Amino acid sequence: MQGYVRNDLNLKHLEFDIIRNLPIGEMKALKTISFCGNFGDPLMHPRLVEIIDLFPEQNILIHTNASLRNIKWWSKLGKKKNLKVTFCIDGLGKEHEMYRRNTSYTKIINNAKAYIQSGGKANWQFIVFKHNEHQIQEAKKLSEDIGFEKIFFMYSDRFDTEDTWKVYDEGKYLYDLKKSSHQTTLRDTLGAEIGEKYWKKLYKGKKEISCIWQQERKLYIHSDGTVYPCCMLGNIQAGQNIEKLLLKKIVKDYQNIDLHHHNLQDILKSDVFMKALPSSFSGDPFSHPVCIEYCNKGTGKYAFAELGNVHTDRQA
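Remember, predicted model here, so these are calculated numbers, not experimental data.

A. Fine view of the packing of aromatic side chains. The full count for this structure, using the stated rule, is eleven aromatic pairs. Ring plane angle 35° and centroid distance 5.2 Å describe the contact between Trp74 and Phe87, whose orientation is recorded as tilted. Of this pair, Trp74 sits in helix H3 (residues 71-77) while Phe87 is found in strand E3 (residues 83-88), placing the two residues 13 residues apart along the sequence. Ring centres of Tyr220 and Tyr228 lie 6.4 Å apart, and the angle between their planes is 40°; this geometry places the pair in the tilted category. Judged by relative accessible area, which is 8%, Tyr220 ranks as buried. A relative accessible area of 2% means that Tyr228 is categorised as buried. Feature note: the residues Trp73, Trp74, Phe87, Tyr115, Trp124 and Phe148 constitute an aromatic cluster, connected by ring pairs. Against the face of Phe16 rests Arg47, its NZ or CZ located 3.9 Å from the ring centre.

Written as structure tokens, this is what we have:
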């Protein structure tokens, strides 16, 4: 969390025409569209409402910090019957703003009230840290008072190597975020040392990879128009060079999974999705570290989350 925008990130919005040209009418099994903001907040897209309107028969889910737009916009959004918004509010007052930098807690709460009071369906997602864990009961009461359908609590996986996460503003160090006193990380469960990425421990006990998103019949379209089996692989665009290099060895050419060059049907029928990715799950020629980290049945994050041992961002 260095406090500035990395110059290697693609900051372009997903083009409206890319979404409009999807074979929406032919996808009879398409039930839900989720705007999760893997590389930013969905509300940043200037044509978000138009995109929502492309899916009148589907359930629409939006995850947002909700500090954007005004009350009038939120009131209008609340009238859409096929929409549910998850408001990501990580604490009350200044505690929220320690993690959600440069957002306004007061504005977010007012936006949530306007949306819910106009008929909108909403959940509240609360990431628990050391600095806000004392506010859980108060947040539960407030969520009921405002009219959220549900509030749920989760832990951050930012503490994979350390028990603290340094926060900066334009490169200037401000303070440390600390993991909740109740949190058990995957590193803790595997017995890896602080300051050490847990790869060795993860590999030692790994078992068969079972793609969670594939089981749940999900697909991820990235903001640059590329298509992935899940958002974790899509997030590699912001990852380390080794992660990008290994994914490139599996995909070969990113144009093969790019909606600027192929339609969705052809991408899903391509060698990447039909052969290369499934083979990589079984280790041929290798399994991507991200797939091992999340989806191996022995030591993966999802395996431990399902056992109740580790809480990850998947619970959003």
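After presenting the structure, the write-up continues.
B. Structural context of the pairing of strand E4 (residues 121-128). With seven of eight residues buried, E4 is to be regarded as a mostly interior element. In this structure, E3 lies alongside E4, joined through five bridges in parallel fashion. Within E4, the residue paired with Cys88 across the bridge is Gln125. Inspection of the sheet shows E4 paired to strand E5 (residues 150-155) by six bridges, in the parallel sense.

C. Structural context of unusual backbone geometry. For the bond from Asp284 to Pro285, the omega torsion is -5°, close enough to zero to count as cis. With respect to the helices, strands and loops of the structure, Pro285 is situated in the loop between helix H13 (271-281) and helix H14 (289-295). Residues other than glycine seldom take positive phi values, yet Glu170 does so here, at roughly 50°. Counting through the fold element by element, Glu170 comes out in the loop between strand E6 (164-169) and strand E7 (172-178). The residue Lys252 is not glycine, and still its phi comes out positive at about 75°. Inspection of the secondary structure assignment puts Lys252 in the loop between helix H11 (241-251) and helix H12 (264-268).

Criteria and thresholds
- Residues numbered from 1 in each chain as written.
- Predicted model: local features only at pLDDT ≥ 70, side-chain atom pairs only at ≥ 80, totals over all residues.
- Heavy atoms only, no water.
- Phe/Tyr/Trp six-rings, centres within 6.5 Å; stacked < 30°, edge-to-face > 60°.
- Helix = DSSP H or I, 4+ residues; strand = E, 2+ residues; numbered from the N terminus.
- Buried < 20%, exposed > 50% of the residue type's maximum accessible area, 1.4 Å probe, protein only.
- Lys NZ or Arg CZ within 6 Å of the ring centre and 35° of its normal.
- Pairing = 2+ DSSP bridges.

So, to be careful, I would describe these as geometric facts and stop short of saying anything about function.
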